[in-house]
Amino acid sequence: MNIQVPTVLLDGTVLSLVNEQDLYGYAITKQVQNHLNISESTMYPVMRRLQKNGYLETYDEAFEGRHRRYYRITKSGRVHLAEIRAAWGDFRVAVDNLLIKETSANGGDEDESRN
């Protein structure tokens, strides 16, 4: 089953990665893809939007005869990341309460009682 990742969570994943260290676009994409089923064509618009909104800034560095565009988080990007993390925490708890609470309360037997 594929669950579509909401835009704000994609923003949070990119900001979180770049908060740890400056990264170029392909490296960001690959790190996200290691955890989520996201296409490369989805990631670059996310990075451009974050830059346009002032959450990321870019700079170019030479690499093997060409330039790589690196992304760096801004101060407002760190604030936005903190907001996303707080919202994610609340959302995760709410969803866990709905999806997992029933299973643990019934000892994992709710499917068997329906058979």
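Just above, that's the structure.
Rules behind the numbers
- Residues numbered from 1 in each chain as written.
- Predicted model: local features only at pLDDT ≥ 70, side-chain atom pairs only at ≥ 80, totals over all residues.
- Heavy atoms only, no water.
- Salt bridge = Lys/Arg side-chain N within 4 Å of Asp/Glu carboxyl O.
- Helix = DSSP H or I, 4+ residues; strand = E, 2+ residues; numbered from the N terminus.
- Buried < 20%, exposed > 50% of the residue type's maximum accessible area, 1.4 Å probe, protein only.
- Pairing = 2+ DSSP bridges.
- Contact = heavy atoms within 4.5 Å.
- Axes fitted to C-alpha atoms, helices over the stretch in contact; angles between N-to-C directions.
- Patch = residues over 30% accessible without salt bridge, like charges linked within 9 Å, V, L, I, M, F, W, Y side chains within 5 Å.
- Areas by Shrake-Rupley, 256 points an atom, 1.4 Å probe, with all protein chains shown as cover.
- 1 Å grid on protein atoms, 1.4 Å probe; cavity = no way out; pocket = protein on both sides within 12 Å on 5 of 7 lines; lining within 4 Å.
- Points joined across faces, edges and corners; volume = space filled by probe spheres on them.
- Nonpolar A, V, L, I, M, F, W, Y, C, P; charged D, E, K, R; others polar.
- Core = buried A, V, L, I, M, F, W, Y, C linked by side-chain atoms within 4.5 Å.

A. Local environment of the pattern of salt bridges. Inspection of the entire model under this criterion finds four salt bridges. The partner of Arg-49 in a salt bridge is Asp-11, with the nearest N and O atoms 2.9 Å apart. A residue pair is termed long-range when its members are at least 10 positions apart, and Arg-49 in helix H3 (residues 40–52) and Asp-11 in helix H1 (residues 7–20) qualify at 38 residues. In this structure Arg-49 comes out as partly exposed when scored by relative accessible area, which is 27%. The partner of Asp-22 in a salt bridge is Arg-72, with the nearest N and O atoms 3.4 Å apart. Of the two residues, Asp-22 is situated in the loop between H1 and strand S1 (23–24) and Arg-72 in strand S3 (residues 66–73); the sequence distance between them amounts to 50 residues. A relative accessible area of 27% places Asp-22 in the partly exposed class. What you see here is one network of salt bridges that share partners, running through Asp-22, Glu-57 and Arg-72.

B. Representation of unusual backbone geometry in the model. A positive phi is found at Glu-64, a non-glycine position, where the angle reads about 50 degrees. The topology assignment puts Glu-64 in the loop between strand S2 (56–63) and S3. Since its relative accessible area comes to 67%, Glu-64 is described here as exposed.

C. Quick peek at the sheet that holds S3. What the three strands build is an open sheet, ordered S1-S3-S2; its pairing is antiparallel. The outermost strands of the open sheet, each flanked by one partner alone, are S1 and S2. Where S1 and S3 come together, two bridges link them in antiparallel fashion. Bridge pairing in S3 links Leu-23 to Tyr-71. Sheet strands in contact with H1 are S1, S2 and S3, and its direction is about 100 degrees off that of S3.

D. Quick look at a nonpolar patch on the surface. A cluster of nonpolar residues, Leu-98, Leu-99 and Ile-100, forms a patch on the protein surface that exposes about 350 Å² of accessible area. Along the chain, Leu-99 falls in helix H4 (residues 75–99).

E. Expanded view of the layout of surface pockets. Estimates place the volume of the largest pocket at around 200 Å³. Along the walls of the largest pocket sit eleven residues, with Ile-3, Gln-4, Val-5, Asn-37 and Ile-38 positioned nearest its centre. Classifying every residue of the lining of the largest pocket gives six nonpolar, five polar and no charged. If you go around the second largest pocket, the residues you meet are Val-5, Leu-9, Gly-12, Thr-13, Ser-16, Leu-36, Leu-81, Ile-84, Arg-85 and Trp-88.

F. Spatial organisation of the nonpolar core. The biggest cluster of nonpolar side chains holds 18 residues, and the ones touching the most others in it are Val-14, Leu-15, Val-18, Ile-28, Met-43 and Leu-56. When residues of this core are traced back to their parent elements, those giving at least two are H1, helix H2 (25–33), H3, S3 and H4.

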